[in-house]
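# A look at the structure
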Amino acid sequence: MGTAVGLSGTAFGAAAVTAGLSVPQACVLSLLAFTGASQFALVGVVAGGGGLAAGAAGALLLGARNTLYGLRMADLLHWRGPRRLLVAHGIIDETAAGALAQPTAAWARTSFVTVFTSLYLTWNLTTLVGALATERIGDTDAFGLDAMSAAVFLALVAARLRDNRRERLVAVLAAAIALAAVPFAPPGVPVLLAAAAALIVPSGGPAGSPGDDEGGDGGAPGSDGGDADPGRGEVRA
C-alpha cells in the first residue's frame, strides 16, 4: 500500500512545478507536510493564481482530519516519549487504515511502521522525479499538466463519492458555492468557502448507521469501530 500510493508523488511533483514552485520547494513540501490531498490543494490554489496564505489555509483544513486520527492512534500504538513526534508526522489516511485493520496492537504497530516507511520514502523520491522531469519539459501547458492537480485530487475522492450519498451531496453543494464565489472572491478563497457545505448537509446519524452509506448496515455499537482493548492489546475490527 505504501509503495502503490507513494507513486502518486510523481503527479504531485509535476503539479507543484507547474504551479510555479521550484524543485526544492516541492521536495521540502513533501518532506515536511506529507499529506497528499493537502499538498495538492495548496498547489491547486497557487496554480489558480491564489496566494500562499489561501492555499495554506485550504491545506490545513484538509489536514485537520489527521488530528482525529491521532487521537485514535495514540490509544492504539502506545508509543511514548520523543518518538511520538515522528509517529505524529506519519499519521495519514493510509497508515491509520492499515493499523486499524490489524488483529492485535503489536500487528498494528508493525503495519504503521511498514506503511509509513515505504510511503514516506516512495512519496518523496517520486516527488523529486516528477518535479525534475516537469522542470525539464519547459512549457508544461502544452502537455496539459496545468490540470493535473485537479485531476489527481478528484481521483483521491472518487471512491468516497461513489459509495456515500451524503458526500455526493456535499461535493455538489461545495462545487456550487465555489462557482458562485469565483466572480467575487480572490483566487483560493472560493475553495475555503466551499468547505461550509460539510456543515450544511446533515450527517444522517453516526457513521455506519442507515442513511449514511448506501446499502450499509447499522451494526451493533463497537462491532466496526476498531476499538482497542488496552488490557488485551487487541483491536476489534
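### A closer look at the nonpolar core
- In this structure, Phe12, Val43, Met73 and Phe112 are the most contacted members of the largest nonpolar core, which totals 31 residues.
- Of all elements in the fold, only helix H2 (9-18), helix H3 (23-32), helix H4 (36-47), helix H6 (65-77), helix H8 (93-100) and helix H9 (105-137) reach the threshold of two or more residues within this core.
- Per-element accounting of this core gives the leading share, six residues, to H9.
- Once residues lying within four places of it in the same chain are set aside, the contact partners of methionine 73 are His78, Ile91, Thr95, Ala96, Ala99, Leu100 and Phe112.
- Ranked by size, the runner-up nonpolar core spans six residues in total, among them Val170, Ala194, Ala197 and Val201.

### Looking at helix H11 (residues 165-181)
- The end-to-end C-alpha distance of H11, which contains 17 residues, comes to 25 Å, matching closely the 24 Å that a straight helix rising 1.5 Å per residue would cover.
- Buried within H11 we find Arg166, Val170, Ala174, Ala178 and Ala181. The arc enclosing the buried residues of H11, seen along the axis, measures out at 100 degrees, which places them on a common side. Opposite the buried face of H11, by more than 90 degrees, sit the exposed residues Val172 and Leu179.
- Where the residues of H11 are buried, they touch helix H12 (189-194) and helix H13 (197-200).

### Digging into the packing of H3 against H9
- Interaxial distance between H3 and H9 falls to 9 Å at its minimum, and their mutual angle equals 165 degrees. Classified by the angle their axes make, H3 and H9 are roughly antiparallel. Every pair of crossing elements has a handedness; the one defined by H3 and H9 is right-handed. Contacts from Val23, Ala26, Cys27, Ser30 and Leu31 in H3 reach Tyr120, Trp123, Asn124, Thr127, Leu128, Ala131, Leu132 and Glu135 in H9.

### Observations regarding H2
- For H2, the buried fraction is high: nine of the 10 residues fall into the buried class.
- Along H2, the residues that are buried comprise Gly9, Ala11, Phe12, Gly13, Ala14, Ala15, Ala16, Val17 and Thr18.
- After H2 finishes, the residue glycine 20 shows a positive phi value of roughly 115 degrees.

### Concerning the packing of H2 against H4
- The N-to-C vectors of H2 and H4 enclose an angle of 20 degrees; their axes lie 9 Å apart at closest approach. Compared by their axis directions, H2 and H4 come out roughly parallel. Every pair of crossing elements has a handedness; the one defined by H2 and H4 is left-handed. Together, Ala11, Phe12, Ala15 and Ala16 of H2 and Gln39, Phe40 and Val43 of H4 make up the contact between the two elements.
- Among the residues making up the contact of H2 with H4, the classes are represented as six nonpolar, one polar and no charged.

### A look at the packing of aromatic side chains
- If you walk through the whole model with that rule in mind, you get eight aromatic pairs.
- Both rings, one in phenylalanine 112 and one in phenylalanine 116, keep their centres 6.0 Å apart while their planes meet at 50 degrees; by these two values the pair is tilted. Residue phenylalanine 112 and its partner phenylalanine 116 are located together in helix H9, separated by four residues, close to a single helical turn.
- According to the relative accessible area criterion, phenylalanine 112 is buried, its value standing at 1%.
- Ring pairing ties together the aromatic residues Phe34, Trp79, Phe112, Phe116 and Tyr120, which thus form one cluster.

### Observations concerning the side chain of glutamine 39
- Mapped onto the elements, glutamine 39 comes out in helix H4.
- Residue classification places glutamine 39 among the buried residues on the basis of a relative accessible area of 2%.
- Dropping the residues within four chain positions of it, glutamine 39 is found in contact with Phe12, Leu29, Ser30, Ala33, Phe34 and Trp123.

### Examining the environment of methionine 1
- Note on placement: methionine 1 falls in the segment before helix H1 (2-6).
- Separated by 93 residues in the primary sequence, methionine 1 and glutamate 94 place their C-alpha atoms 7.6 Å from one another.
- With residues up to four places along the chain from it excluded, the contact list for methionine 1 reads Glu94, Gly98 and Val115.

Calculation rules
- In this numbering scheme, every chain counts its residues from 1 along its sequence in written order.
- Restriction of local features to residues with pLDDT of at least 70 applies here, the model being predicted, together with a cutoff of 80 or more for giving and counting side-chain atom pairs; totals for whole chains, interfaces and linings are based on all residues.
- Excluding hydrogens and water, the side-chain figures rest on all heavy atoms present in the structure.
- Buried Ala, Val, Leu, Ile, Met, Phe, Trp, Tyr and Cys residues form a nonpolar core when they are joined through side-chain atoms within 4.5 Å.
- Exposed residues in this analysis have more than 50% of their type's maximum accessible area, buried residues have under 20%, and partly exposed residues fall in between, with area computed by a 1.4 Å probe over protein chains only.
- Only runs of H or I of at least four residues qualify as helices and only runs of E of at least two qualify as strands under DSSP, and these elements are numbered from the N terminus.
- Whether two residues touch is decided by their heavy atoms; if any such pair falls within 4.5 Å, the residues are in contact.
- Between the first and last residue of a helix there are one fewer steps than residues, each counted as 1.5 Å, and that sum is the expected span.
- Think of it as the arc spanned by the lines of direction from the helix axis to the C-beta atoms.
- Under this scheme, a helix contributes an axis fitted over its contacting stretch, all axes are lines through C-alpha atoms, and angles between N-to-C directions fall in the 0 to 180 degree range.
- Put simply, angles under 35 degrees are roughly parallel, angles over 145 are roughly antiparallel, angles from 65 to 115 are roughly perpendicular, and the rest are oblique.
- Each crossing gets its hand from how the near helix is turned against the far one by less than a right angle, where anticlockwise is left-handed and clockwise is right-handed.
- Each residue gets one of three labels, nonpolar for Ala, Val, Leu, Ile, Met, Phe, Trp, Tyr, Cys and Pro, charged for Asp, Glu, Lys and Arg, and polar for the others, Gly among them.
- Stacked, edge-to-face and tilted are the three classes for Phe, Tyr and Trp ring pairs, Trp counted by its six-membered ring, which pair at centre distances within 6.5 Å; planes under 30 degrees apart are stacked, over 60 edge-to-face, the rest tilted.

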